[in-house]
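Results of the structural survey
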Amino acid sequence: MTRSLTVLGIESSCDDTGAALVRYRPGMAAEILSNVVAGQTDLHAAFGGVVPEIAARAHAEKLDLVVEEALARAGLTLRQIDAIAVTAGPGLIGGVLSGVMLAKGLSAATGKPLVGVNHLAGHALTPRLTDGLDFPYLMLLVSGGHCQFLRVDGPEDFARLGGTIDDAPGEAFDKTAKLLGLPQPGGPAVEAEAAQGDPKRFPFPRPLLDRPGCDLSFSGLKTALMRARDALVAENGGLTRQDRADLCAGFQAAVADVLAEKSRRALALCPGISAFAVAGGVAANATLRARLTAIAGATPFLAPPLALCTDNAAMIAWAGIERLRLGHTDDLTLSARPRWPLDSAAAPLIGSGKRGAKA
Ligand code: KG4
Ligand code: ZN
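If you're wondering where the values come from, they're calculated on a predicted model, not measured in any experiment.

The helix and strand tally for the chain stands at 11 helices and 10 strands. If one aligns the C-alpha atoms of the chain with their principal axes, the spans along those axes are about 70 × 45 × 35 Å. Counting all 359 residues of the chain, 55% fall into the buried class. Put simply, of all contacts in the chain between residues at least 6 apart along the chain, 73% involve residues at least 24 apart. For the chain, the computed accessible surface area is about 14700 Å², with 55% contributed by carbon and sulfur atoms.

So, in structure tokens, the structure goes:
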């Protein structure tokens, strides 16, 4: 039986600088002792997307502060931890490098083991941190940068069943908000508008439903929304409040339909799983959650708390614990990887979100 493990996790792969302390004790629920996230939304707001150089500089400035804060909130010193886990990819390389360099420095200075973690594994293993799920389970990762179905068979054993061939759904929500003059991040704004709208007024396409398998596509949907908006503007000189709400409702219904049908197919490919779990910011969407819960049927449906669904370091600490329990660690040659698919056997995705490595 593995001993207790208290691990520092470090996350800096996109626009959130995170540090967290997580404790594992055999036979007990995992404990998040602290989970500090410093976001960078304000720094990137004027640019309409994450600017890699700005992100990297902000990570370099904030990382040691968030680590200090995470230790302080947990009431621990570096001496009292068992290992340092860090996101080693995939992600924006400047940010990943900042985290990996800090983790290497802390490991060298303290003699504590270093564990490199795949950021996507962090998301995919979160249901084990929050609910102690047993393998195998099905995971739908839906964020601003990623969309894929994974069968999670073990801490380092993932089978990708399908994914987006172009945009990620969060990206499509953000773009929709932008096209309709709603604030960013677009997801919550579009969801709020959609609640007042008629999802049937605009029959938007359901991309790739006519093709077998679990791959998804969202870029055509975005284009259809833009056309519908432009037609209304050309006809009436602008959009009414109801137009905007109906466009949002139609868009959200199309995303939910596509994700629900592809989830049904993914579930059919995974007999004997313990649960169907979601992670990523889009999993916050109530309409989507309701649809996925219905699709799951007798399979338990699980959506971790939002703070653990979006980018955070607790999931990195936990994924580090999972690797440590297998006896896997890294040394100071650990490299930062901008691309790092979870399932090396699956064919590369044509697109994995135009924001590139954002997961
Ligand atoms: O996982 P996340 O915080 O960041 C990464 O992409 O890494 O996800 C952010 C994305 C944004 O695109 C945001 O618009 C979307 O999640 N989002 C939502 C909702 N809340 C956040 N999309 C749909 N409905 C929501 N309620
Ligand atoms: Zn992520």
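Moving on to the pattern of salt bridges. Per the counting criterion, the structure on display carries 15 salt bridges. We note a salt bridge from Asp246 to Arg201, for which the minimum N-O separation is 2.8 Å. Taken together, the residues Asp246 in helix H8 (residues 241-268) and Arg201 in the loop between helix H6 (186-194) and helix H7 (219-236) connect sequence positions 45 residues apart. A relative accessible area of 35% places Arg201 in the partly exposed class. Notably, a salt bridge pairs Glu261 with Arg265, separated by 2.9 Å at the nearest N-O pair. You can see Glu261 and its partner Arg265 sitting in helix H8, four residues apart, about one turn around the helix. Both residues of the pair, Glu261 and Arg265, belong to the buried class. When salt bridges that share partners are traced, they join Glu156, Arg323 and Asp330 into one network.

What surrounds ligand 1 is a group of 20 residues, the closest being Gly144, Asp174, Gly187, Glu191 and Gly281. Measuring from an oxygen atom of ligand 1, one finds a backbone N or O atom of Gly144 at 2.6 Å. Note that an oxygen atom of ligand 1 is positioned 3.4 Å from one of the side-chain N or O atoms of Asp311. Surface burial for ligand 1 is 90%, taken as the share of its 550 Å² of free accessible area covered by protein chains. Breaking the shell around ligand 1 down by element, the ones donating at least two residues are helix H5 (169-179) and H6.

With that settled, consider the environment of Tyr137. Its place among the elements puts Tyr137 in strand E6 (residues 137-142). Judged by its relative accessible area of 0%, Tyr137 falls in the buried class. When the C-alpha positions of Tyr137 and Ala109 are compared, they lie 38 Å apart, and in sequence the two are 28 residues distant. Apart from residues lying up to four places away in sequence, Tyr137 is in contact with Ala124, Leu125, Pro127, Arg128, Leu150, Arg151, Val152, Ile273, Ser274 and Ala275. In terms of polar contacts, Tyr137 uses its side chain to reach the backbone carbonyl oxygen of Ala124, at 2.6 Å.

Moving on: helix H9 (residues 286-296). Residues of H9 that are buried include every one of Leu288, Leu292 and Ala296, and no others. On an axial view of H9, the arc spanned by its buried residues comes to 70°, and they lie on one face. Buried-residue contacts for H9 involve E6, H8, strand E9 (276-279) and strand E10 (301-302). Regarding H9, its N-cap is Asn285, as a side-chain oxygen of that residue lies 3.1 Å from the backbone nitrogen of Thr287 further along. Directly after H9, the chain includes Gly297, whose backbone phi takes a positive value near 60°.

It is worth spelling out the pairing of strand E3 (residues 31-39) at this point. Both faces of the sheet carry side chains from a regular strand, because those side chains alternate between them. Bridge count for strand E2 (residues 16-24) against E3 is eight bridges, and the pairing is antiparallel. Looking across to E3, one finds that Ala19 is bridged to Val36. Here E2 folds back onto E3, and the loop between the two strands holds six residues, one of which, Gly27, carries a positive phi near 80°.

Right, let's talk about the sheet that holds E9 for a bit. One open sheet holds the five strands; their spatial order is E8-E7-E6-E9-E10, and the pairing between them is mixed. Among the strands making up the open sheet, the edge pair consists of strand E8 (157-163) and E10.

This part covers the sheet that holds E2. Strands sit in the order E3-E2-E1-E4-E5 across an open sheet of five strands; the sheet is mixed. The open sheet has two free edges, formed respectively by E3 and strand E5 (114-118), since each of these has just one partner strand. Between one strand axis and the next, the sheet turns by 20° as a mean value, whatever way the strands run. Two strands pair when backbone bridges link them, and strand E1 (residues 5-11) and E2 are joined in this way by seven bridges, in the antiparallel orientation. The residue bridging Leu5 from the neighbouring strand is Tyr24, located in E2. Along the sheet, helix H2 (residues 52-74) contacts E1, E2 and E3; its crossing angle with E2, the most-contacted strand, is approximately 30°. Where helix H3 (residues 93-110) meets the sheet, it contacts E1, strand E4 (83-89) and E5, and its direction lies at approximately 155° from that of E4.

Here is what the cut-offs are and how they apply
Residues numbered from 1 in each chain as written. Chains lettered and ligands numbered in written order. Predicted model: local features only at pLDDT ≥ 70, side-chain atom pairs only at ≥ 80, totals over all residues. Heavy atoms only, no water. Helix = DSSP H or I, 4+ residues; strand = E, 2+ residues; numbered from the N terminus. Buried < 20%, exposed > 50% of the residue type's maximum accessible area, 1.4 Å probe, protein only. Contact = heavy atoms within 4.5 Å. Areas by Shrake-Rupley, 256 points an atom, 1.4 Å probe, with all protein chains shown as cover. Salt bridge = Lys/Arg side-chain N within 4 Å of Asp/Glu carboxyl O. Near = heavy atom within 4 Å. Polar contact = N/O pair within 3.5 Å; in protein donor to acceptor, adjacent residues only side chain to side chain. Arc of directions from axis to C-beta. Pairing = 2+ DSSP bridges. Axes fitted to C-alpha atoms, helices over the stretch in contact; angles between N-to-C directions.

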